[in-house]
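Per-entry structural report
Letter by letter, the chains look like this.
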Amino acid sequence: MAMEKNFDAASAEARIYEAWESSGAFAAGANAKEGAETFCIMIPPPNVTGSLHMGHAFNNTLQDILTRWHRMRGHDTLWQPGQDHAGIATQMVVERKLAEEGKRRTDFSRAEFIAKVWEWKSESGDTIIKQLKRLGASCDWSRNAFTMAGAPGDPRVGHENSPDFHTAVMKVFVDMYNKGLIYRGKRLVNWDPHFETAISDLEVENIEVDGHMWHFKYPLAGGATYEYVEKDEDGNVTLRETRDYISIATTRPETMLGDGAVAVHPDDERYAPIVGKLCEIPVGPKEHRRLIPIITDEYPDPDFGSGAVKITGAHDFNDYGVAMRNNIPLYALMDTKGHMRSDGLPYDEAAAIAKSIAEGAEAPADTTPINLVPEEYRGLDRFDARQKVIDDITAEGLAVMVPNPAYEKAKAAEVPDQARDSAAPAAAPEPLPPEFIPHVENKKIMQPFGDRSKVVIEPMLTDQWYVDTAKIVGPAIDVVKSGEIKLMPEQQKKVYFHWLENIEPWCISRQLWWGHQIPVWYDEDGKEYCAPSEEEAVTMAGGKTLTRDPDVLDTWFSSGLWPIGTLGWPQDTPELEKYFPTSVLITGFDIIFFWVARMIMMQEAVVGQIPFHTIYTHALVRDEKGKKMSKSLGNVIDPLDMIDEYGADAVRFTVTAMAAMGRDLKLSTQRIAGYRNFGTKLWNAARFAEMNECKPVADFDPAACTQTVNKWIVGETARALAATDTALEAFRFNDAANGLYSFVWGKVCDWYVEFSKPLLQSDDAAVVAETRATMAWVIDQCLILLHPIMPFITEELWNSIAQRPNMLVHQDWPDYDFADPAADAEMNWVVTLIESIRSIRTEMRVPAGAKLPMLVQELDEAGRTAWANNESLILRLARIESLTDAPDLPKGAVTIAVEGGVFALPLADVIDVSAEKERLQKSLAKLEKEMGGLKGRLNNPKFVASAPEDVVAESRELLGQKEEEAAKLRAAMQRLDEMG
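Residues numbered from 1 in each chain as written. Predicted model: local features only at pLDDT ≥ 70, side-chain atom pairs only at ≥ 80, totals over all residues. Heavy atoms only, no water.

Some points on the overall build of the protein
Secondary structure summary: the protein contains 29 helices and 33 strands in total. Judged by the C-alpha coordinates and their principal axes, the protein covers about 115 × 95 × 55 Å. In the protein, which comprises 980 residues, the proportion classed as buried is 53%. Sequence separation of at least 24 residues holds for 79% of the intrachain contacts in the protein that already meet a minimum separation of 6. When the accessible surface of the protein is split by element, carbon and sulfur atoms take 49% of a total near 44,200 Å². Each charge class in the protein can be summarised by its mean position, and for the 102 positive and 150 negative side chains these summaries are 3 Å apart. (Helix = DSSP H or I, 4+ residues; strand = E, 2+ residues; numbered from the N terminus. Buried < 20%, exposed > 50% of the residue type's maximum accessible area, 1.4 Å probe, protein only. Contact = heavy atoms within 4.5 Å. Areas by Shrake-Rupley, 256 points an atom, 1.4 Å probe, with all protein chains shown as cover. Lys, Arg positive; Asp, Glu negative; His and termini not counted. Charge placed at Lys NZ, Arg CZ, Asp CG, Glu CD.)

Quick look at the nonpolar core
Core analysis: the largest hydrophobic core is formed by 220 residues, its most contacted members being Phe173, Tyr496, Phe557, Phe733, Phe755, Trp829 and Phe903. Contacts of Trp829, omitting those with residues within four sequence positions, involve Leu859, Gly863, Ala866, Trp867, Ile874, Val898, Glu899 and Phe903. The next biggest cluster of nonpolar side chains, apart from the first, holds 45 residues, and it includes Trp191, Ile292, Leu333 and Leu372. (Core = buried A, V, L, I, M, F, W, Y, C linked by side-chain atoms within 4.5 Å.)

Side note on helix H7 (residues 317-326)
Among all positions of H7, only Asp319, Tyr320, Val322 and Ala323 are buried. What you see down the axis of H7 is that its buried residues fit within an arc of 165 degrees, all on one side. Tucked inside the fold, the buried residues of H7 contact strand S5 (182-192), strand S13 (291-296), strand S14 (308-311) and strand S18 (458-467). The N-capping residue of H7, defined by a side-chain oxygen 2.9 Å from the backbone nitrogen of Asn318, is Asp316. Looking at the residues trailing H7, positive phi occurs at Asn327, about 55 degrees. (Arc of directions from axis to C-beta. Polar contact = N/O pair within 3.5 Å; in protein donor to acceptor, adjacent residues only side chain to side chain.)

Focus: the pattern of salt bridges
One pass over the structure, following the stated rule, counts 53 salt bridges. The salt bridge involving Lys493 is made with Glu490; its shortest N-O contact spans 3.4 Å. Between Glu754 and Arg876 there is a salt bridge, with its nearest N and O atoms 2.8 Å apart. Pair noted here: Glu754 is in helix H22 (residues 733-760) and Arg876 is in helix H26 (residues 861-878), with a separation of 122 residues, a long-range link. Judged by its relative accessible area of 39%, Arg876 is partly exposed. (Salt bridge = Lys/Arg side-chain N within 4 Å of Asp/Glu carboxyl O.)

Comments concerning the packing of aromatic side chains
A full pass over the atoms with the stated rule returns 40 aromatic pairs. Taking the centre distance of 5.4 Å and the plane angle of 50 degrees together, the rings of Trp777 and Tyr816 count as tilted. Here Tyr816 lies in the loop between helix H24 (791-801) and helix H25 (821-843) and Trp777 lies in helix H23 (residues 765-786), a separation of 39 residues in the sequence. Grouping residues by exposure puts Trp777 and Tyr816 together as buried. Here the aromatic residues Phe173, Tyr177, Trp465, Trp506 and Phe557 are joined through ring pairs into a cluster of three or more. The ring of Trp513 carries Arg105 above its face, with NZ or CZ at 4.7 Å from the centroid. (Phe/Tyr/Trp six-rings, centres within 6.5 Å; stacked < 30°, edge-to-face > 60°. Lys NZ or Arg CZ within 6 Å of the ring centre and 35° of its normal.)

With respect to unusual backbone geometry
Cis geometry marks the peptide bond from Met488 to Pro489, where omega comes out at -10 degrees. Within the secondary structure layout, Pro489 lies in the loop between strand S19 (486-488) and helix H12 (492-501). Residue Pro570 is reached from Trp569 by a cis peptide bond, and omega for that bond is 15 degrees. For Pro570, the location among the structural elements is in the loop between helix H15 (562-565) and helix H16 (574-579). With phi around 55 degrees, Glu196 is a residue other than glycine that occupies positive phi space.

Details of a negative patch on the surface
On the surface, a cluster of negative charge is contributed by Asp232, Glu233, Asp234, Asp301 and Asp303. Looking at the element boundaries, Asp303 is found in the loop between S13 and S14. (Patch = residues over 30% accessible without salt bridge, like charges linked within 9 Å, V, L, I, M, F, W, Y side chains within 5 Å.)

Comments concerning the environment of Cys530
Structurally, the position occupied by Cys530 is in strand S23 (residues 528-530). Once the C-alpha coordinates of Cys530 and Phe557 are considered, the two residues, 27 residues apart in sequence, prove to be 17 Å apart. Not counting chain neighbours up to four residues away, the residues in contact with Cys530 comprise Phe173, Val174, Tyr177, Pro519, Val520 and Met540.

Structure representation (structure tokens):
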């Protein structure tokens, strides 16, 4: 049956994938040779709520390429799949569904709500799996893992081949707690007032918004004064005045109520006279107005604002650091909803305690009861409280005032009395606006938002559970420094070490219901009992009635155990024995700290081993202009839409060809369409082979070819294999893809198809048979080498070309090395000559259909032999009508230098030389101007030092491209000059 004219991806991909799965092609160890080395790769678990985006498509394509390549090489291979339970995201999805029914989470018991989540999981939780299958991901889905597997309420227990992840998580928590590596403490965290939970830095989006900076006066205690002096850079006094206050600027006035100090830089001479004195917070009941100390710290920038900074340690991460260094008390002002607190002591009692602390009394270990929110602010939303604070301070005259531009404008517009028309009726003059107004700067500020709630995140002082990372970070640093774990690209080591060498305690608790509940119980006296189950905790407590900690573990804690948890730990499973440590991790550079470093820390702490030998971090997928994809910008490219339109292979090949290590991908639909055309080119080559009866021959020996053309393509195929192996060994995915593109499209589909035509039409049956067998073998090799990157079209062709005992997915990766130097030299000489002729025709704008005479000025014996053997090919493919010896070239001839000789094309009567020169000069002038701009940028040390690495690299690459283009234009100009 003849092949179809085109590959119909829409109808073929699902059918092919089903055939792969049903054959067991993706199972751990499939296609493995006896005694083979193992290869294991862990999928970075997508959220169970997720759907495939271009970052997923990129990441999983690279993983699939390695997996298929190692599997075809006969390695014992496992690509371990799974999903993360995504605590906050999943809870949000289920709560939203309940809201559609007019219900809330709190209408249910915790167990009832968890059951609702599991119900959703069973109905909708495999969306991302189906989408990964559409991409062609060859994971061992029979081993699909889930970070909540085995947790209470899991209806799948005993029904799926999924490791009991919950048991692993509980064991690790208990063991680390008992070793003193996990503790409960009060620290500052990112707090989401919508979800009422702590969140990680990765769940915070810092967005530039229009904001304000208010300037206020903090009066000095007891009416004290000092001489305030400002100087310019040369030390000249520009302002000298007596002040009874210190000025601060803030973007969050509502937090002033919790100030513990005002800080200035130790070298700031302006405030030296008042360091150590007290100043008054300018808000709250006058009779209970709080006093706070003026301290020095390295944090304030003397050149920013007034140089004085209010320190509110319970509501700002930088302030928290200052407070810790200087023993400043932390006063929490807000509740979990982001409202000003209504609990705790009455304000007058709280203010009295704070006053005594400011005067030197020791602060209590727990400052939570000290609620410094005055009664009139209690219960207000934080932003309503902000406005009230501003209004109250301004009304009291403690806002810093500045000249009002409107006043100056109105004053200048006043009409002098003598200029008024005495006959005109007197009109009441417009009242002048105030001469001074509060100093409020309108400015852009970076504001943190919850990536899911979209509300402003509040730094909050709360009780949370922490991993004492300082105690377990050492091995994670050592294994990368020693090279035991290889981190690529090299520049990511700087990021890795920066995070780990400055590590903070890791907050692992979340105030949610969906997740691994903290395995700690409390008795009536608050004593803690940590155990894997309530029964064990009750036993530890001597039978007391206990209450379980309501918090759940951060999903990063459970995913930090991903390498061992998915392989069955803490059970001593065969998979754990065989595949751990795993081989390689492929992930985005943006989660090096959040996930990668934590996995290394946790595996070292739990089992004393590294989790993987190699980490390959890739950059981001951006739009064609280099902008981050975003729904608000309307520049998102949906991989599923691209698969629908162009097929999975085109999407996969595109991201692979662009996967330069350490560089962002700038993706466009045009690129994807272009690589679909590559698939079409391959398909057409296979159809050409079929139409010429080129069928695979079982005992074909490529090394036994007799025809030069066939020897040449066999050698080119061997070189393509070696280059592909070298590229994939080094994780140079783009080199593998681009090398195969050049080989398949250029060497096979263009040159070999054309070179083979005379042989296929030969009167010598042996030549025809050899060429048919060679053509079939070469096409097969193209399919095998391309299969890891383009699995669908290659599998379809494999089974369309001939009846096979196995699908391509089960085919062994080849291992051969053929080379015939004489054949290579001859055919590469022919290719070079034809390409040179074509290039000149293009540069000189010779009409495409014109056949040209060609002259040979000199040519050695090898060249004449190559010409004689391939004359008909050269004449046809270069559109040459004849070859004539001409030791002396005529005027107007363009020379072509080849190895061993010189040819020439007489073009004087074919093109308008003067017009061509003018065109080339204009093009070259434009190029040189563009190159000048690029060189100026790259020669600017400031640009090279401050611009992102990928921007600098892109500029260098662009300059290189333009220099190459300019060189071609200059060569064309030189040819025209030679023509006279």
